[in-house]
Amino acid sequence: MGIEHRVASVIAREHAYRQITGDVLMLGRQTMFFTPEHAQLLIQDAGIPIPDIDFVVDAETRLSSSDYISDRDFFRLLGLSKVKALDVSAYEGADIVHDLTKPIPQELESIADFILDGSTLDNVFDPATVLRNEARMLRPGGRLVAVNVASNTHGPYIIPTAHLLLDYFVTNGFSDARVYVFVYHPDGRMNAFTPDLTRMRPGQLQPANFTSPYTMALVVFAEKGEQSTWDHSPVQHQYRDHWDGFAEKLAAIEANPRPHPARSTDDAFIYHDDFLFITPSGMAVPSVAPPTPEPEPLQELEPQPITHYRDVQGWTLVDEIGRRALRRIGFQRIPK
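Residues numbered from 1 in each chain as written. Predicted model: local features only at pLDDT ≥ 70, side-chain atom pairs only at ≥ 80, totals over all residues. Heavy atoms only, no water.

**Observations regarding the overall build of the protein**
Looking only at helices and strands, one finds 7 helices and 12 strands in the protein. Taken against the 2.2 N^0.38 rule, which gives 20 Å for 336 residues, the C-alpha radius of gyration of the protein at 30 Å runs more than 25% over that of a compact globule. Within the protein, contacts between residues separated by at least 24 positions form 76% of all contacts whose residues are at least 6 apart in sequence. Here the protein has roughly 18300 Å² of accessible surface; of this, 54% comes from carbon and sulfur atoms. The distance from the centre of the 30 positive side-chain charges to the centre of the 45 negative ones in the protein is 9 Å. (Helix = DSSP H or I, 4+ residues; strand = E, 2+ residues; numbered from the N terminus. Rg over C-alpha atoms; globule rule 2.2 N^0.38 Å. Contact = heavy atoms within 4.5 Å. Areas by Shrake-Rupley, 256 points an atom, 1.4 Å probe, with all protein chains shown as cover. Lys, Arg positive; Asp, Glu negative; His and termini not counted. Charge placed at Lys NZ, Arg CZ, Asp CG, Glu CD.)

So this is what it looks like as structure tokens:
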């Protein structure tokens, strides 16, 4: 499991908006795919003072590198020292062992103020149980950041959709929920999109899933409220019949003043009508493709002189074949 720097920036911006405190729970040890120096830069870009700490590089995760900052040291940069990992085994040094495809025991309920999931839902047979367990392990006021593969690259076992995840948190009354589609261009650019919540209101057509020819990831941010539940299953938009409760909860999320913690790195290179584009400055704007340029007027071609067929090699050959055929049947052509 791992976190790339643009996902780490989501955590840093959320910390800058409202400080993360208390107990951090990672679902599996996380390979942080960036250096300590890069970690300091993204923390600084979020407006957070950089503490003076001695860094430890990653030597424990499966994809570890002497260039990468350790997952625990990344959180130390945010002033967080109580960091634990939960996994299905003690693999990579997990502090808590539990299979998240099975309901958690009571002693694991409300144990975390912040949960980081670096790709669990896309690797299990029963992602709904994992999602419910994540909600149960959060304390009221706790926050979740989760990233999962959203395209048929990197071998996902299952691909969740943006609206499925958003519907779950809305249905269970989370005080905030943001789902982002990160689209990675091969040249290094990244576009971030979020579902247009106005298209999730009653009377709207079923929103379409985001598709692209590029690698994509789903990045979830969710904040649990005092009255949030975890055991209510959402119903897909076109089959939903309890609109009053859903619409009210959706409106509360729409009214939340939290700035978007996700950002695009560049201007849009792809578009989708049912999603809003997150600009590099953090504004959510309609995703509208630029108008197709008018085709250039056709230029009139000047007439070309017709070349006599005898100047064309192919027709010369045909003429010769005709001469020989006439000789065979006794005809003689009059020489010119």
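**Focus: the sheet that holds strand β2 (residues 24–27)**
Taken in spatial order, the 10 strands of this open sheet run β5-β4-β2-β6-β7-β10-β8-β9-β11-β12, and their pairing is mixed. With one partner strand each, in any of the chains shown, β5 (96–97) and β12 (284–286) form the two edges of the open sheet. Relative to strand β11 (residues 275–278), strand β9 (residues 190–195) runs antiparallel, the two sharing 4 bridges. Each bridged residue has a counterpart across the sheet, and for phenylalanine 193 the counterpart in β11 is phenylalanine 277. Against the sheet, helix α4 (residues 127–137) makes contact with β2, β4 (83–87), β6 (112–117) and β7 (138–149), and its axis sits at roughly 145° relative to β7, the strand it touches most. (Pairing = 2+ DSSP bridges. Axes fitted to C-alpha atoms, helices over the stretch in contact; angles between N-to-C directions.)

**A few points about the nonpolar core**
Residues Phe169 and Val181 are the most contacted members of the largest nonpolar core, which totals 46 residues. In terms of residue count, helix α5 (residues 162–171) provides more of this core than any other element does, 6 residues in total. Contacts of phenylalanine 169, omitting those with residues within four sequence positions, involve Leu131, Leu144, Phe174, Ala177, Val220 and Ala222. Listed in part, the 39 residues of the second largest apolar core include Ile43, Phe114, Tyr184 and Ala192. (Core = buried A, V, L, I, M, F, W, Y, C linked by side-chain atoms within 4.5 Å. Buried < 20%, exposed > 50% of the residue type's maximum accessible area, 1.4 Å probe, protein only.)

**Observations concerning the packing of aromatic side chains**
The full count for this structure, using the stated rule, is 12 aromatic pairs. Pairing phenylalanine 34 with phenylalanine 74 gives two aromatic rings, centres 5.9 Å apart and planes at 75°, and the pair type is edge-to-face. You can see phenylalanine 34 sitting in the loop between β3 (31–32) and α2 (36–45) and its partner phenylalanine 74 sitting in helix α3 (residues 71–77), a full 40 residues away along the chain. Of the residues examined, phenylalanine 34 reaches a relative accessible area of 3% and is grouped as buried. (Phe/Tyr/Trp six-rings, centres within 6.5 Å; stacked < 30°, edge-to-face > 60°.)

**Notes on the pattern of salt bridges**
Counted according to the given criterion, the structure contains 21 salt bridges. The salt bridge involving glutamate 109 is made with arginine 136; its shortest N-O contact spans 2.6 Å. In this pair, glutamate 109 sits in the loop between β5 and β6 while arginine 136 sits in helix α4, placing the two residues 27 residues apart along the sequence. With a relative accessible area of 33%, glutamate 109 lands in the partly exposed category. Because the salt bridges share partners, they merge into one network encompassing Glu14, Arg18, Arg143, Asp176, Arg178, Glu223 and Arg258. (Salt bridge = Lys/Arg side-chain N within 4 Å of Asp/Glu carboxyl O.)

**Structural notes on the environment of valine 183**
Note on placement: valine 183 falls in strand β8 (residues 176–184). Sequence-wise, valine 183 and alanine 150 are 33 residues apart; in three dimensions their C-alpha atoms are separated by 9.2 Å.

**Comments concerning the pairing of β8**
With 9 of its 9 residues buried, β8 lies for the most part within the structure. Burial along β8 is two-sided: the face carrying Asp176, Arg178, Tyr180, Phe182 and Tyr184 and the face carrying Ala177, Val179, Val181 and Val183 are both buried. As judged from the 9 bridges shared by β8 and strand β10 (residues 215–223), these two strands associate in the antiparallel manner. Bridging across to β10, phenylalanine 182 finds its partner in alanine 217. The pairing of β8 with β9 spans 4 bridges and is classified as antiparallel. Considered in β9, the bridge of valine 183 is made with asparagine 191.

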